Amino acid sequence: MGWTTLWEPRDAPGRSSVIRSPEEGMVLWCYCATGTGTPLLGQVCPRRQRTAMARRRCQLCGSSIDRDAKVVFIAGESEGTAAQLVREPPLHAACAAYAARVCPYLVVGSRAGALRVAEALSYQLFEERVRPSGLDPQADMLREVFPLGSSAAPRFGALENLMAVPAGTWVPFAAWFTDLAPSGSQG
Ligand SMILES: [Zn+2]
Ligand SMILES: [Zn+2]
């Protein structure tokens, strides 16, 4: 499991709620804590998801990725409203290679069949905003993606995830995996 994995608290009635954060405005806040309760493999904590995207932290190990190092995105085929948008936070190149070798499920849930990979020095951020589709706040949420800092975004709803557009080319997972150097030979 990775740093952004969602944990199911033992006895909390609500895992998340909409709050006003001084840094982010109206956000979907998540109260889960790493190591408390049960890890929900393949599910992502929205709070750590945003931190990873905004602060260039690796979704697997949680530490930051150097500005002059490439980040790696691994995504499903149909994420986001546009083909290039990705919701899964970045990875260190070494962490991506490790996860790909050991178990793709660690980072990509159950979508291992149709994956693609992008390596990039930088990426552009977008906001995924949500609001309840009806009176029941537990019911399905409407969601829409806005450019980061868009004034229309807060009017639509709370910030749930940050999405990225890598400044790089998407390639099929299988092609990227084939090109990986053999384990242990990377510096
Ligand atoms: Zn959480
Ligand atoms: Zn890492």
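What you see is a predicted model, and the numbers here were worked out from it, not measured in a lab. (Residues numbered from 1 in each chain as written. Chains lettered and ligands numbered in written order. Predicted model: local features only at pLDDT ≥ 70, side-chain atom pairs only at ≥ 80, totals over all residues. Heavy atoms only, no water.)

Observations concerning the overall build of the chain
Logical step 1: Secondary structure assignment for the chain yields five helices and eleven strands.
Logical step 2: For the chain, the residues scored as buried account for 42% of the 187 residues in total.
Logical step 3: Taking the contacts inside the chain whose residues are at least 6 apart along the sequence as the reference set, 68% of them involve residues at least 24 apart. (Helix = DSSP H or I, 4+ residues; strand = E, 2+ residues; numbered from the N terminus. Buried < 20%, exposed > 50% of the residue type's maximum accessible area, 1.4 Å probe, protein only. Contact = heavy atoms within 4.5 Å.)

Examining the coordination of the zinc ion (ligand 2)
Each pair of donors in an ideal four-coordinate tetrahedral metal site encloses 109.5 degrees, whereas pairs in an ideal six-coordinate octahedral site enclose 90 or 180 degrees.
Logical step 1: Around the zinc ion (ligand 2), the protein contributes the donor atoms Cys 58 (SG), Cys 61 (SG), His 92 (ND1) and Cys 95 (SG), at 2.1 to 2.4 Å from the metal centre.
Logical step 2: Between the four donor atoms coordinating the zinc ion (ligand 2), the angles at the centre fall across 98 to 118°, so the site counts as tetrahedral.
Logical step 3: Counting the intervening residues between successive donors of the zinc ion (ligand 2) yields the motif C-x2-C-x30-H-x2-C.
Logical step 4: The exposure class of Cys 61 is partly exposed, given its relative accessible area of 40%. (Donors = N, O, S within 2.8 Å, 3.2 Å for Na, K, Ca; no water. Tetrahedral: all angles 85-135°; square planar, octahedral: opposite > 155°, others 65-115°.)

Topic: unusual backbone geometry
Logical step 1: Even without glycine at this site, Arg 56 takes up a positive phi of about 55°.
Logical step 2: Summarising the element assignment, Arg 56 is placed in the loop between helix H1 (46-54) and strand E5 (71-76).

Quick word on the coordination of the zinc ion (ligand 1)
Logical step 1: Bound to the zinc ion (ligand 1) are the protein donor atoms Cys 30 (SG), Cys 32 (SG) and Cys 45 (SG), situated 2.1 to 2.2 Å from the metal.
Logical step 2: For the zinc ion (ligand 1), the donor residues sit on a single chain with the sequence spacing C-x1-C-x12-C. Highlighted residues: Cys 32 in the loop between strand E3 (25-30) and strand E4 (38-44) and Cys 45 in the loop between E4 and H1, separated in sequence by 13 residues.
Logical step 3: The class of Cys 45 is buried, set by a relative accessible area of 0%.

Remarks on the layout of surface pockets
Logical step 1: What the second largest pocket holds in volume is close to 220 Å³.
Logical step 2: Ser 21, Glu 23, Glu 24, Trp 29, Arg 47, Arg 50, Thr 51, Ala 54 and Arg 55 are the residues that line the second largest pocket.
Logical step 3: Of the residues forming the lining of the second largest pocket, the biggest block, four residues, is contributed by H1.
Logical step 4: Taken together, the residues that form the lining of the second largest pocket break down as two nonpolar, two polar and five charged. (1 Å grid on protein atoms, 1.4 Å probe; cavity = no way out; pocket = protein on both sides within 12 Å on 5 of 7 lines; lining within 4 Å. Points joined across faces, edges and corners; volume = space filled by probe spheres on them. Nonpolar A, V, L, I, M, F, W, Y, C, P; charged D, E, K, R; others polar.)

A few points about the pattern of salt bridges
Logical step 1: This structure, assessed with the given rule, holds five salt bridges.
Logical step 2: One salt bridge connects Arg 87 with Glu 128, and the closest N-O pair in it is separated by 2.8 Å. Placement of Arg 87 in the loop between E5 and strand E6 (91-92) and of Glu 128 in strand E8 (residues 123-132) is noted, with a sequence separation of 41 residues between them.
Logical step 3: Taking the relative accessible area as the measure of exposure, Arg 87 reaches 27% and is therefore partly exposed.
Logical step 4: Residue Glu 128 is classed as buried on the basis of its relative accessible area of 3%.
Logical step 5: A salt bridge links Arg 129 to Glu 127; its shortest N-O distance comes to 2.8 Å. (Salt bridge = Lys/Arg side-chain N within 4 Å of Asp/Glu carboxyl O.)

Describing the packing of aromatic side chains
Logical step 1: Counted under the stated rule, the structure contains four aromatic pairs.
Logical step 2: A centroid spacing of 5.7 Å and a plane angle of 55° characterise the contact between Phe 146 and Phe 156, whose relative ring orientation is tilted. Pair noted here: Phe 146 is in strand E9 (residues 141-147) and Phe 156 is in helix H4 (residues 152-156), with a separation of ten residues, a long-range link.
Logical step 3: One Lys or Arg, Arg 131, reaches over the ring of Phe 156 and ends 4.3 Å from the middle of that ring. (Phe/Tyr/Trp six-rings, centres within 6.5 Å; stacked < 30°, edge-to-face > 60°. Lys NZ or Arg CZ within 6 Å of the ring centre and 35° of its normal.)

Looking at the nonpolar core
Logical step 1: In this structure, Phe 73, Ile 74, Leu 91 and Trp 176 are the most contacted members of the largest nonpolar core, which totals 29 residues.
Logical step 2: Elements represented by at least two residues in this core include exactly E5, helix H2 (93-102), strand E7 (115-120), E8, strand E10 (158-166) and helix H5 (173-179).
Logical step 3: In terms of nonpolar packing, the next biggest core, distinct from the first, is built from six residues, Leu 6, Cys 32, Leu 40 and Cys 45 among them. (Core = buried A, V, L, I, M, F, W, Y, C linked by side-chain atoms within 4.5 Å.)

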